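# Survey of secondary and tertiary structure
One-letter residues, chain by chain:
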Amino acid sequence: MSEQLPLLDPPPPSNVHRDKRRRWAERRIQELRELIRLHDYYYYVEAQPRISDREYDALFHELKQLEAEFPELVTPDSPTQRVGGEPLKEFPHVQHRIPMLSLDNTYSREELREFDRRVREGLGGQPYRYVAELKYDGVSVSLHYREGTFVLGASRGDGYTGDDITQNLRTIRSLPLRVQPVEYHGVPLRTFEVRGEVYLLTEDFLRLNREREQAGERPFANPRNLAAGTLKLLDPREVAKRPLRLVCYYLLTDEVELQFQSENLRLLRQMGFPTDPHWKVCDTLEEVFAYVDYWEEAREQLPFQIDGIVLKVDSLRQQQQLGTVARAPRWAIAYKYEAKKATTVLEGITLQVGRTGKVTPVAELKPVFLAGSTISRATLHNADYITKLDLRIGDTVIVEKGGEVIPKIVGVVLEKRPPQAQPYRFPTVCPCPNRQQLYRPPGEVDYYCDHPECPWQIRRRIEHFASRRAMDIEGMGERVVDQLVSAGFLRNIADIYELHRHRAQLLELERWGEKSVDNLLSAIEESKSRPYHRLLFALGIRFVGEETAKILAESFPSMDQLAAASIEELTAIHGVGERIAESVFRFFRDENNRAILERLRRAGLRFAAEAPKVRLQAGFFLGKTFVLTGELSTMTREEARRAIEARGGRVTDSVSRRTDYLIVGRNPGSKLRKARELGVRELSEDDFLRLLDQNPVE
Ligand code: IVH
């Protein structure tokens, strides 16, 4: 297909006869769906996007708009319908027609040789060959297609019965909701089962974990756990927020007799399924070993995690001959890579105090190179973890980097323990100057510092507030925050906006000069215009990450509305659970927080959502309520009122929740502030004139 975005004849304007527009829309919708499917394929299957994200988004947006205009044209296989349906109470069970077996694992070449001997004997002298594939470290799933349409997706479960997770799987963009039939020896394949692995790119995993930590949530241990945890979510809208990926390696059908695994991998690819491109046909065991060796090293360069390779007899007829014993086939085996390990010396244990006061012990290590990077620190999670391993300062420890991605300490080399090494005693006080007694809430593994002025917590909170995805104050990184907190300039986030009063004193600080101070002050000034939802995220309310902040800002378009919301009102919002609701509710009831918010408001930060861009459309004024403020340059207020009323709109004198738009002229009055507090959308005089033009009085 061409890379151009073909456009049918130009769209008839929306006010032409509906039937005519509908006929056009029907064709354009088809075309957009095909284009989107095609570009999903380029992006996910070939990993070669042919249009920019923006162009893709534009196609998607157009499709969504047309489907909104003609809801009767929406079909379940439309790319817009990946996230649909209500959260489930629980997953229905599905029986696997053919059990989803596991594989025998081996870590040694000797066992690979034995496996090969058994295959050779089992095949009684026939020639055979293998297909070697990467073993993706994810979660296996089974996908059913009927007449080319994705109808059912299931988790592995116990191998015989799994969960029906169709809704969740539909959200994975690389999963084709419909496939073009591909012919196999003249027979089109339409009804079949595909098996594969759901996984995450390592960088997506790290990013999601960072975001979770920022929101005060527990990070996932590794990408596989994150993928597994996500597929178990009962709300597909939550699943859609996590960038799950799919890779397929298995095809089953009754329609034709398939012959080779290598052929199936090619067929899957032709049908539009994402497959791994690195598989290889191996005629000898030596070739298998070379493949194993190559990927043992090269896997560090892959953007996702593999935990080994899978070796399969290529011929499906031979697979059948070999059969299955116990729960594993005799025609396949997994060669697993050992996690990479190194030993080094534990030089110390420091405590890190997070934004929420949670105290995390960190191992300070003698730097050691392991699987592509130098490691000098590793998290020790909590006091129990240290006790379990009986870690002592001065110990030689074993550091491992496996599917966990994040290095961890897995053991101690006891023979190398220095004779004087003492068992580690977890500190009872916070490392901050207040020396606050640490507190371990009953039933929790973590210790907390709950001193309201713990400078570590304050540092973390300010760092978070200023960080790129929050208020994005350039130049206010870890080092600067540390210096400003230590020097007593910052005790909370509101102090940031008063720094300009201390310009002279700032200049006296080490490493600061006129230029750097002014740059910082103007970056702070500039941050005042960050949108309201970014401010919500920046406040560091526990469990309110970026996504949640956006959801809250949409439902409560001003800070005052959000602050006044009850727990019931909060939980009524989709995507806001009890835990978040309580945390938000509590945040706004805290005196200290309220005082800080008041100062931020006075500093001029945005406490309400921006008016969304006005969509120009026919009948715009009909049934809407407007308020005017300030002077218009082209007409009097009375003229403006008549123009609106002539088009079916209403004009009232004061702004309320029922106001749809505030028309803002020169020197606007207090109505503007009120409108912003309430999140009422604004129209400039230009917008207003354009809308009048576009909506002539009939
Ligand atoms: S074949 C009977 N191929 O590894 C054959 N599995 O321990 C079943 N896996 O449950 C699987 N990559 O979750 C196969 N290229 C690949 C694979 C793969 C990852 C996973 C899969 C399976 C487990 C087997």
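All values derive from a computational prediction rather than experimental measurement. (Residues numbered from 1 in each chain as written. Predicted model: local features only at pLDDT ≥ 70, side-chain atom pairs only at ≥ 80, totals over all residues. Heavy atoms only, no water.)

The next point concerns the pairing of strand 10 (residues 245–252). Within strand 10, 6 of the 8 residues are buried, leaving the element largely enclosed by the surrounding structure. In this sheet, strand 10 lies alongside strand 9 (residues 192–199) in antiparallel orientation, the contact comprising 7 bridges. Its bridge partner being in strand 10, Arg-195 is matched across the sheet by Tyr-250. (Buried < 20%, exposed > 50% of the residue type's maximum accessible area, 1.4 Å probe, protein only. Helix = DSSP H or I, 4+ residues; strand = E, 2+ residues; numbered from the N terminus. Pairing = 2+ DSSP bridges.)

This next bit is on the confidence of the model for the chain. Mean pLDDT over the chain stands at 90; residues scoring 70 or higher make up 96%. Strand 13 (residues 324–325) is the least confidently modelled element of the chain, averaging 85 in pLDDT, while strand 3 (residues 130–136) averages 98, the highest of any element. Below a pLDDT of 50 lies the segment residues 1–7, which in the model reaches 11 contacts outside its immediate sequence neighbourhood of four places, other chains included. (pLDDT = per-residue confidence, 0-100. Contact = heavy atoms within 4.5 Å.)

Around the ligand, the structure places Leu-103, Glu-133, Leu-134, Lys-135, Tyr-136, Ser-140, Glu-197, Tyr-249, Val-310, Lys-312, Pro-329 and Trp-331. Glu-133 is positioned such that a nitrogen or oxygen atom in its side chain is 2.8 Å from a nitrogen atom of the ligand. Note that a nitrogen atom of the ligand is positioned 3.2 Å from one of the backbone N or O atoms of Leu-134. For the ligand, whose accessible area on its own is 520 Å², the fraction buried by protein is 89%. Mapped by element, the contributors of at least two residues to the shell around the ligand are strand 3 and strand 12 (306–313). A total of 4 residues in the shell around the ligand trace back to one element, the largest contributor, which is strand 3. Of the residues contributing to the shell around the ligand, the split by class is 7 nonpolar, 1 polar and 4 charged. (Near = heavy atom within 4 Å. Polar contact = N/O pair within 3.5 Å; in protein donor to acceptor, adjacent residues only side chain to side chain. Areas by Shrake-Rupley, 256 points an atom, 1.4 Å probe, with all protein chains shown as cover. Nonpolar A, V, L, I, M, F, W, Y, C, P; charged D, E, K, R; others polar.)

The next point concerns the sheet that holds strand 12. Overall, mixed pairing links the 5 strands, which are arranged 2-15-12-3-11 in an open sheet. Strands at the two margins of the open sheet, each flanked by one partner only, are strand 2 (105–106) and strand 11 (280–282). In the sheet, strand 3 pairs with strand 11 via 3 bridges, with the strands oriented antiparallel. Among the inter-strand pairings, Ala-132 is bridged to a residue of strand 11, identified as Lys-280. Of the strands in this sheet, strand 2, strand 3, strand 12 and strand 15 (332–336) touch helix 3 (residues 109–122), which is tilted by about 175° from strand 15. (Axes fitted to C-alpha atoms, helices over the stretch in contact; angles between N-to-C directions.)

Glancing now at helix 5 (residues 202–214). Taking 1.5 Å of rise per residue, the 13 residues of helix 5 would be expected to cover 18 Å, and the 18 Å separating its terminal C-alpha atoms lies within 8% of that figure. Regarding helix 5, the residues found buried are Thr-202, Asp-204, Phe-205, Leu-208, Asn-209 and Arg-212. Taken down its axis, helix 5 places every buried residue within 160° of arc, on the same side. Along helix 5, exposed side chains directed more than 90 degrees from the buried face belong to Glu-203 and Arg-210. In the core, the buried residues of helix 5 are packed alongside helix 6 (223–231). The first or second residue beyond helix 5 is Gly-216, which carries a positive phi of 75°. (Expected span 1.5 Å × (residues − 1). Arc of directions from axis to C-beta.)

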